[in-house]
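Structural overview for review
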Amino acid sequence: MKMSNAEVMKKITLLNNEKDELRRREIQTNYIQYPSSEDKKQALEGNDYDYYKTTEMIAEIDKQIIYLKGKLAYANATVMVDGYDLTIGQCLVKLGQLNDAIERYDSLRGQKQKSSMVASTGIVTYTEYLYNIAESKEIYKKLVEEKASLQVAVDRVNLLNEIEI
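Remember, it's a predicted structure, so these values are computed and weren't measured experimentally.

Things to note about the overall build of the protein
Helices and strands together make up the secondary structure of the protein, namely five helices and four strands. The globule rule puts the C-alpha radius of gyration for 165 residues at 15 Å, and the 28 Å found for the protein is more than 25% above it. Taking the principal axes of its C-alpha atoms as reference, the protein extends roughly 85 × 55 × 15 Å. In the protein, of all internal contacts separated by at least 6 residues, the share reaching a separation of at least 24 is 65%. When the accessible area of the protein is evaluated, it comes to approximately 12,000 Å², of which 52% is carbon and sulfur surface.

Quick word on the packing of aromatic side chains
Within this structure, the stated rule accounts for two aromatic pairs. Pairing Y51 with Y52 gives two aromatic rings, centres 5.0 Å apart and planes at 80°, and the pair type is edge-to-face. Owing to a relative accessible area of 67%, Y52 belongs among the exposed residues under this scheme. Centroid distance Y129 to Y131: 5.9 Å. Interplanar angle 65°. Geometry classified as edge-to-face.

Overview of the pattern of salt bridges
On inspection of all chains with the given rule, the structure shows four salt bridges. Ionic pairing is found between E146 and K94, a salt bridge with its closest N-O pair at 3.7 Å. With a gap of 52 residues between them, E146 in helix α5 (residues 133–160) and K94 in helix α4 (residues 88–109) connect regions that are remote in the sequence. We classify E146 as partly exposed; its relative accessible area is 31%.

What about the environment of L22?
Here L22 shows up in helix α1 (residues 5–29). Each C-alpha atom, one on L22 and one on Y140, is 45 Å from the other, the two residues being 118 residues apart in sequence. Setting aside residues no more than four positions away along its own chain, L22 makes contact with M57, I58 and I61.

Quick word on the environment of N16
Relative to the assigned elements, N16 resides in helix α1. Residue classification places N16 among the partly exposed residues on the basis of a relative accessible area of 26%. Linking N16 and G122, residues 106 residues apart in sequence, is a C-alpha distance of 64 Å.

Notes on the pairing of strand β3 (residues 124–128)
Relative to β3, strand β2 (residues 114–118) runs antiparallel, the two being bridged by five bridges. Within β3, the residue paired with K114 across the bridge is E128. Linking two consecutive strands that pair antiparallel, namely β2 and β3, is a turn of five residues; a positive phi of about 90° is found at G122 within it.

Concerning the packing of α1 against helix α3 (residues 51–78)
Running from N to C, α1 and α3 point in directions that differ by 160°, and their axes come no closer than 10 Å. Taken together, the axes of α1 and α3 lie roughly antiparallel to each other. As α1 packs across α3, the resulting crossing turns out to be left-handed. Broken down by class, the residue content of the contact of α1 with α3 amounts to 13 nonpolar, five polar and seven charged.

Thresholds, definitions, all that
- Residues numbered from 1 in each chain as written.
- Predicted model: local features only at pLDDT ≥ 70, side-chain atom pairs only at ≥ 80, totals over all residues.
- Heavy atoms only, no water.
- Helix = DSSP H or I, 4+ residues; strand = E, 2+ residues; numbered from the N terminus.
- Rg over C-alpha atoms; globule rule 2.2 N^0.38 Å.
- Contact = heavy atoms within 4.5 Å.
- Areas by Shrake-Rupley, 256 points an atom, 1.4 Å probe, with all protein chains shown as cover.
- Phe/Tyr/Trp six-rings, centres within 6.5 Å; stacked < 30°, edge-to-face > 60°.
- Buried < 20%, exposed > 50% of the residue type's maximum accessible area, 1.4 Å probe, protein only.
- Salt bridge = Lys/Arg side-chain N within 4 Å of Asp/Glu carboxyl O.
- Pairing = 2+ DSSP bridges.
- Axes fitted to C-alpha atoms, helices over the stretch in contact; angles between N-to-C directions.
- Parallel < 35°, antiparallel > 145°, perpendicular 65-115°, else oblique.
- Left-handed = near helix turned anticlockwise from the far one by under 90°.
- Nonpolar A, V, L, I, M, F, W, Y, C, P; charged D, E, K, R; others polar.

Have a look at this one:
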């Protein structure tokens with residue numbers, strides 16, 4: 001059976017959700033309360049918790065997740081992204097780097113090139129930034145566009161590339 005990278009990622013998410021639900025249910029049902037030892041049997045009748053079955057089910061889900069993540073990791077390491085000389089995995093690293101650069105330039109672009117302030121004593125203090133703020137605004141804009149373009153390219157590959165499962 002073949003699945004797209006996106007379908008594999010969705011399946012992993014669903015499996016993790018299923019495991020979380022098993023754990024939540026376990027926390028709610030892994031005990032009984034009763035007022036006296038005579039009432040223990042009645043308290044057990046309404047509880048279907050099985051420690052071994054739950055452990056087995058979680059282990060099976062983990063096994064499936066490991067398998068799918070391995071297949072996805074292999075695809076990420078080998079499948080090239082159109083328009084970029086990078087694999088999916090390398091593009092993901094590049095996206096992280098772009099996010100860091102965008103954050104930096106977002107801060108840099110928000111300044112005023114030169115300003116002055118008059119203190120209550122009448123003394124004027126000047127502040128001047130030692131880089132070209134207009135240029136930092138342009139770089140910011142280009143980085144945002146590059147990130148969007150790269151993200152679309154990665155999304156396209158994740159939708160179109162198929163992995164044998």
